[in-house]
Amino acid sequence: MLESMTGYGSAERSEKGMKVLVELRSVNNRFAEIGVKLPRQLLSWELEVRELIRASFQRGKISAFVQLQLDEAEQLPVTVNPSKVRAYKSLLETVRREAEVEAPVTLDHVLRFSEIFESDHTILEHPDEIWPIAQSAVVEAIGHLKEMRQKEGEELAGDFRARIDEIERTLKEIKEIAAGNLEAIRKRLASKISAIAGRDVEYSKDRLEMEIVMAAERLDITEECIRFNSHNKFFIEELNNSSSGSGRKLNFLLQEQLREANTIASKSQNADISQKVVHIKEELEKVREQLQNIE
């Protein structure tokens, strides 16, 4: 199955009062290039994240983003110490009475004592507990990215099949033209030989017959057409290959197809065949552009 190098995958995990958000973005690249951006709590696991991604993709520039958030339902990371609140309020009341101040003690006065607040340790302070949750989210995001890349790859495969069918149809037309082309060349050479013979010019009949055969062989494109059909067959087989990493093989076959097309055009010495070859090369160029996006 073909796999595109462009795609997007995301995942979200909410556990232990914390939310892990993972985003993966993939674009074209000749090799596998992986960039990872992690929160400080997970920096120690950057290599593990890279290896998880590398194990699933052979080519493409993949960017991974991992974020941590406290769940909205989670309490604030601080708590109030009720006994200290009462103690400070009582102390302020004593100060007010001793100072003979009539104004009452207010909340603003109590809040000036930071000791009434105590730190409440959250999961964000325990990276070892975060990593298994983050790892699960990364694996899920990889699955979603791979699924999207495969869907786009299948769309491209359908386009490739249609273009190979069009090339096959055009090759069939070229073969029909070539069959008539050889016969026309034989007649033209025979006519020239008759003209020479009519002038009483001495010539070697065996030599002329050999020249006719050699000319026919030089213009014969049967072998090139057979090889071209073979490359087309292998191209379709590779499209149906269930393994990934077909991009390089398809690019190699494309180069061979272009080589045969150029040889057919140069050997045939026929304007109609040359025109058909131009159409084939246009289709191959469209295939080449799309192949740049295949893993």
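Summary of the structure given here. (Residues numbered from 1 in each chain as written. Predicted model: local features only at pLDDT ≥ 70, side-chain atom pairs only at ≥ 80, totals over all residues. Heavy atoms only, no water.)

### Here's the deal with the pairing of strand β2 (residues 18-27)
Right, so step 1: Counting buried positions along β2 yields seven of ten residues, so the element is predominantly enclosed.
Right, so step 2: The hairpin turn running from strand β1 (residues 7-15) into β2, its antiparallel successor, is two residues long, and K16 in that turn takes a positive phi close to 55°. (Buried < 20%, exposed > 50% of the residue type's maximum accessible area, 1.4 Å probe, protein only. Helix = DSSP H or I, 4+ residues; strand = E, 2+ residues; numbered from the N terminus. Pairing = 2+ DSSP bridges.)

### Points about the packing of helix α7 (residues 247-268) against helix α8 (residues 271-291)
Right, so step 1: Direction vectors running N to C along α7 and α8 enclose 165°, while the axes themselves pass 10 Å from each other. Taken together, the axes of α7 and α8 lie roughly antiparallel to each other. Of the two elements, α7 crosses α8, and the hand of that crossing is left-handed. Only I273, S274, V277, I280, K281, L284, V287, R288 and L291 of α8 make contact with α7, whose side of the interface consists of L250, N251, L254, Q257, L258, A261, N262, I264, A265 and S268.
Right, so step 2: Class assignment for the residues of the contact of α7 with α8 results in twelve nonpolar, five polar and two charged. (Axes fitted to C-alpha atoms, helices over the stretch in contact; angles between N-to-C directions. Parallel < 35°, antiparallel > 145°, perpendicular 65-115°, else oblique. Left-handed = near helix turned anticlockwise from the far one by under 90°. Contact = heavy atoms within 4.5 Å. Nonpolar A, V, L, I, M, F, W, Y, C, P; charged D, E, K, R; others polar.)

### So, the environment of I142
Right, so step 1: For I142, the location among the structural elements is in helix α4 (residues 127-197).
Right, so step 2: The class for I142 is buried, based on a relative accessible area of 6%.
Right, so step 3: Not counting residues up to four positions away in its chain, the partners in contact with I142 are L24, L52, I53, S56 and F57.

### Topic: the packing of helix α6 (residues 222-239) against α7
Right, so step 1: As a packed pair, α6 and α7 sit with axes 9 Å apart at the nearest point and diverge in direction by 160°. Our classification of the angle between α6 and α7 gives roughly antiparallel. Crossing of α6 over α7 shows left-handed handedness. Where α6 approaches α7, its residues E224, C225, R227, F228, H231, N232, F234, F235, E238 and L239 are matched on the opposing element by K249, L250, L253, E256, Q257, E260, A261, T263, I264 and K267.
Right, so step 2: Taken together, the residues of the contact of α6 with α7 break down into nine nonpolar, four polar and seven charged.

### So, the packing of aromatic side chains
Right, so step 1: Under the defined criterion, the tally for this structure stands at three aromatic pairs.
Right, so step 2: On the basis of an interplanar angle of 10° and a centroid distance of 5.6 Å, the ring pair of W45 and W131 is categorised as stacked. Of this pair, W45 sits in the loop between β3 (32-37) and α1 (46-54) while W131 sits in helix α4; the two residues are 86 residues apart in sequence, bridging distant segments of the chain. Each member of the pair, W45 as well as W131, carries the same accessibility label: buried.
Right, so step 3: Between F160 and F235, the ring centres sit 6.1 Å apart and the planes meet at 90°, which makes this aromatic pair edge-to-face. Of the two residues, F160 is situated in helix α4 and F235 in helix α6; the sequence distance between them amounts to 75 residues.
Right, so step 4: Taking relative accessible area as the criterion, F235 reaches 0% and is therefore assigned buried. (Phe/Tyr/Trp six-rings, centres within 6.5 Å; stacked < 30°, edge-to-face > 60°.)

### Points about the pairing of β1
Right, so step 1: One ladder, built from nine bridges, connects β1 with β2; its direction is antiparallel. Note on β2: the bridge partner recorded for S14 is K19.

### So, the sheet that holds β2
By definition, the strands of a sheet pair up through backbone hydrogen bonds, in either a parallel or an antiparallel sense.
Right, so step 1: As summarised here, the arrangement of the four strands in space is β1-β2-β4-β3, forming an open sheet in which the pairing is mixed. Two strands bound the open sheet, and with one partner strand each, they are β1 and β3. Geometrically, the sheet is characterised by an average inter-axis angle of 15° between neighbouring strands, direction not taken into account.
Right, so step 2: Both β2 and strand β4 (residues 60-70) contribute to a ladder of ten bridges, which runs antiparallel. Paired with V22 across the two strands is V66, which belongs to β4.
Right, so step 3: On the sheet, α1 packs against β2, β3 and β4 and is oriented at approximately 140° with respect to β3.

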